[in-house]
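# Analysis of the macromolecular model
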Amino acid sequence: MRFLLAIHVLALLSGCGPRRTRVEMADVVGIIIIGNGSDPADLDPQITVGLVEFDILTALFEGLTATDPVTCAPTPGVAESWTHNADHTAYTFTLRPDARWSNGDPVTAQDFVFSYERILSPAFAAEYASLLFPIKNARAFNAGEITDFSQVGVKALDAHTLQLEMEGPTPQLPTLLSHNATFPVHPATILKYGKMTDRNTRWTKPGNMVSNGPFVLADWNINERVFVKKNPQYWDADTVRLNGISFLPITNQNTEERAFRSGQLHITDSVPLSKRDGYRDADSPDLHIDPWLATYFYLLNARKPPFDDVRVRHAFNAAIDRQALVDTVTRGGEPVADTIVPPYTTGYQTPPSPIREDVALARRLLAEAGYPGGEGFPKVELLYNTSETHRPIAEALQKMWHDNLGVDIELVNQSWPVYLNRRKNGEFDIARAGWIADYNDAGTFLTMWTSDSGLNHTGWANATFDQLIKDAEQAGDPQQRLDILHRAEAVFLDELPIVPLYYYTRIYLKRPEVKGWTPNILDLHPYKYVYLKTDTDDEGHVDGLLPPAPTQSPNPANQEPSTKN
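None of the values given here were measured: they were computed from a predicted structure. (Residues numbered from 1 in each chain as written. Predicted model: local features only at pLDDT ≥ 70, side-chain atom pairs only at ≥ 80, totals over all residues. Heavy atoms only, no water.)

### Topic: the overall build of the protein
- Across its full length, the protein carries 17 helices and 17 strands.
- Compactness check: the protein gives a C-alpha radius of gyration of 24 Å against a globular reference of 24 Å for 565 residues, within 12% of the reference.
- Projecting the C-alpha coordinates of the protein onto the three principal axes gives extents of approximately 75 × 60 × 40 Å.
- Put simply, the protein has 565 residues, and 59% of those count as buried.
- For the protein, the proportion of contacts with a sequence separation of at least 24, taken over those separated by at least 6, is 72%. (Helix = DSSP H or I, 4+ residues; strand = E, 2+ residues; numbered from the N terminus. Rg over C-alpha atoms; globule rule 2.2 N^0.38 Å. Buried < 20%, exposed > 50% of the residue type's maximum accessible area, 1.4 Å probe, protein only. Contact = heavy atoms within 4.5 Å.)

### Observations concerning the pattern of salt bridges
- The tally for this structure, following the rule as stated, stands at 24 salt bridges.
- A salt bridge links Asp-198 to Lys-195; the nearest nitrogen and oxygen atoms lie 3.4 Å apart.
- A relative accessible area of 24% places Asp-198 in the partly exposed class.
- Given the relative accessible area of 55%, Lys-195 is considered exposed.
- Close ionic contact of Lys-528 with Asp-236 constitutes a salt bridge, the shortest N to O distance being 2.8 Å. On the criterion of sequence distance, the pair formed by Lys-528 in the loop between strand S16 (514-515) and strand S17 (531-532) and Asp-236 in the loop between strand S9 (225-230) and strand S10 (244-248) is long-range, its members being 292 residues apart. An identical accessibility class is assigned to Lys-528 and Asp-236; each is buried.
- Taken together, the salt bridges that share partners define one network made up of Arg-139, Asp-452 and Glu-473. (Salt bridge = Lys/Arg side-chain N within 4 Å of Asp/Glu carboxyl O.)

### With respect to the nonpolar core
- Of all hydrophobic cores here, the largest spans 125 residues; its most connected members are Tyr-298 and Trp-401.
- Considering every element that reaches this core, the biggest residue donor is strand S11 (residues 287-300), with eight residues.
- Look past the residues within four positions of Trp-401 in its chain and what remains in contact with it is Tyr-298, Phe-316, Ala-319, Ile-320, Leu-382, Gly-406, Val-407, Ile-409 and Ile-430. (Core = buried A, V, L, I, M, F, W, Y, C linked by side-chain atoms within 4.5 Å.)

### Considering the packing of helix H10 (residues 310-318) against helix H12 (residues 359-368)
- Two elements in contact, H10 and H12, have axes whose closest approach is 8 Å; the angle formed by their N-to-C orientations is 155°. By the angle between their axes, H10 is roughly antiparallel relative to H12. By crossing handedness, the relation of H10 to H12 is classed as left-handed. Contact with H10, carried on its side by Arg-311, Val-312, His-314, Ala-315 and Ala-318, involves Val-359, Ala-362, Leu-365, Leu-366 and Glu-368 of H12 and no other residues of that element. (Axes fitted to C-alpha atoms, helices over the stretch in contact; angles between N-to-C directions. Parallel < 35°, antiparallel > 145°, perpendicular 65-115°, else oblique. Left-handed = near helix turned anticlockwise from the far one by under 90°.)

### Thoughts on the packing of aromatic side chains
- Evaluation of the coordinates by the stated rule reveals 25 aromatic pairs.
- Look at Trp-292 and Tyr-504: their rings are 5.3 Å apart centre to centre, the planes differ by 65°, and that puts the pair in the edge-to-face class. Taken together, the positions of Trp-292 in strand S11 and Tyr-504 in strand S15 (residues 498-509) put the pair 212 residues apart, joining distant regions of the chain.
- On the basis of relative accessible area, Tyr-504 is assigned to the buried category, the value being 13%.
- Aromatic side chains Tyr-371 and Phe-377 sit 5.0 Å apart centroid to centroid with 75° between the ring planes, which places their arrangement in the edge-to-face category. (Phe/Tyr/Trp six-rings, centres within 6.5 Å; stacked < 30°, edge-to-face > 60°.)

### Observations concerning the packing of H10 against helix H17 (residues 478-495)
- At their nearest, the axes of H10 and H17 sit 8 Å apart, and the two run at 90° to each other. What the angle tells us is that H10 and H17 run roughly perpendicular. The segment H10 lies against H17, with Val-310, Arg-313 and His-314 engaging Leu-493, Asp-494 and Glu-495.
- Of the residues assigned to the contact of H10 with H17, the class counts are two nonpolar, one polar and three charged. (Nonpolar A, V, L, I, M, F, W, Y, C, P; charged D, E, K, R; others polar.)

### Some thoughts on the sheet that holds strand S7 (residues 161-165)
- Within the open sheet, the four strands sit side by side as S4-S5-S7-S6. Their pairing is antiparallel. Here the strands that pair on one side only, and so sit at the sheet edges, are strand S4 (79-84) and strand S6 (154-158). Across this sheet, the average inter-strand angle for adjacent strands is 20°, counted without regard to direction. (Pairing = 2+ DSSP bridges.)

### Quick notes on the sheet that holds strand S8 (residues 215-221)
- Taking strand neighbours across the sheet as the criterion, the four strands line up as S1-S10-S9-S8 in an open arrangement whose pairing is mixed. The open sheet terminates on both sides in strands that have one partner only, identified here as strand S1 (31-35) and S8. Between one strand axis and the next, the sheet turns through 20° on average, direction left out of account.
- Bridging between S9 and S10 involves four bridges; their strand directions are antiparallel. For Val-226, the partnering residue across the bridge sits in S10 and is Phe-247.
- Its contacts with the sheet put helix H2 (residues 22-29) on S1 and S10, and the angle it makes with S1 is roughly 140°.
- Packing of helix H3 (residues 51-60) onto the sheet brings it into contact with S8, S9 and S10, and relative to S8 it is tilted by some 140°.

### A look at the environment of Thr-447
- For Thr-447, the location among the structural elements is in the loop between helix H15 (443-446) and helix H16 (463-474).
- When the C-alpha positions of Thr-447 and Pro-184 are compared, they lie 23 Å apart, and in sequence the two are 263 residues distant.
- Non-local contacts of Thr-447, meaning those with residues more than four positions away in its chain, are made with Ser-453 and Ile-469.

### Things to note about empty space enclosed by the protein
- Enumeration over the complete set of coordinates arrives at eight cavities of 30 Å³ or more.
- There is about 540 Å³ of room inside the largest cavity.
- What lines the largest cavity is a set of 38 residues, among which Phe-54, Thr-58, Leu-524, His-525 and Pro-526 lie closest to the centre.
- Here the lining of the largest cavity gets four residues from one element, more than from any other, and that element is H3.
- In terms of residue class, the lining of the largest cavity is built from 19 nonpolar, 11 polar and eight charged. (1 Å grid on protein atoms, 1.4 Å probe; cavity = no way out; pocket = protein on both sides within 12 Å on 5 of 7 lines; lining within 4 Å. Points joined across faces, edges and corners; volume = space filled by probe spheres on them.)

From the geometry alone we can't say anything about function, so treat these as descriptive.
Given below as structure tokens:
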């Protein structure tokens, strides 16, 4: 295989005409090369929480439902159809008889039962288990209150019929089921490499993984690439026009931008802050700035002083000039944030926010908390994963808090996996975060803050908020549900365990031959619809294919992986 690769690349490079760039070679063989920000922490769809992993997993797996590339509405995935009762408390999904795992096994309803039991098992400790809490008894099973999974509302009626019984009306369920946390895993493969609830086993390695999506895992070299190739067993393989996708973990944005300009990438993960104005002023067709349903914020650790005091949390929020931050630091046209739910979320009206720049108020609140002029304020660290974006934001906030409150903040950067582990374990005072909507609904921004959510890294807990989220899950009327979520967000903003900064815009570079990549508010681009339009009909070999990834910055911590939280 390596010999065939060498011959193929040599033939491409030594042909008549000018030397071809990396993307020109990839165009010939139908492979798209994407900057992915960082190496994935894992490729187990039921463990991961980051966008770095999500973008790869959607190529490898498919849930009961999929996503329309334009509207983001749910479309048939493994399930070719589904029905529900009048109040959306019971769903029946009919699976495709031609749905296959990459090893040829049929995808069955029992595979989904196994997968849902796995993610909900307390021993598995999945952070995204809460996504399935609308299912009857799912929350109780995850909490260990019941141990018999047959009491959970997940039933395989036969090989191709899955029934889900809900705690209350859940009209948004088909949308939820396109998320990677609900993707099925191949039971025999999981059990070959450990027990159902074992984490980080070898089943996710190339040659071991069995998946059911439009692509299969062919290669995963740390600090080089994740490469997936077209899955001939996929039920809709005829729709898939790409032969493969190469995800490159280029952690330095300047390196990534140079790689794009030199013809080594089709799409970047981001654009360096220092280059954004230049591309915009030149009216570059490669620059794309799209709306995005996402919020950039800082977490405040409410488990311990000083941020266990709500007055300190409000003081830190009031001491910030958010408009200056987006105008002079990020410069991506981001709207400033004073809520956790973006105000353009479909059908939702955000509550009045107490957040505003008011330095006098901030100083008064800090004094009331026992720290007049910052006197006696304890040592506080701000945890972030260093990048050209996160570092200057952290430095700007550090200066504002020093100038306005008289407090000193120590900046601490960590690599992506270490940063995630420290956040999950509560080993921080302040931590950078962001939330990209899983679906266009206020619930995706609010349910993560319940006291039993694995995604709530602040340690904040509020019984009123928890009850409102449960009430929203059981609301029969869609508008009533949104009204309850509105009240829940009002409680959240009154307590403020976070520091909202801005609502994201999606900023990236894309080459013109990339087609089927449609801008949408969720930044979802199902790869089965993406293709490369070129003027050549050349054929190429697909396995192994491309020259090494571009050389990166020697600083391994200088990374900005997109992240869900």
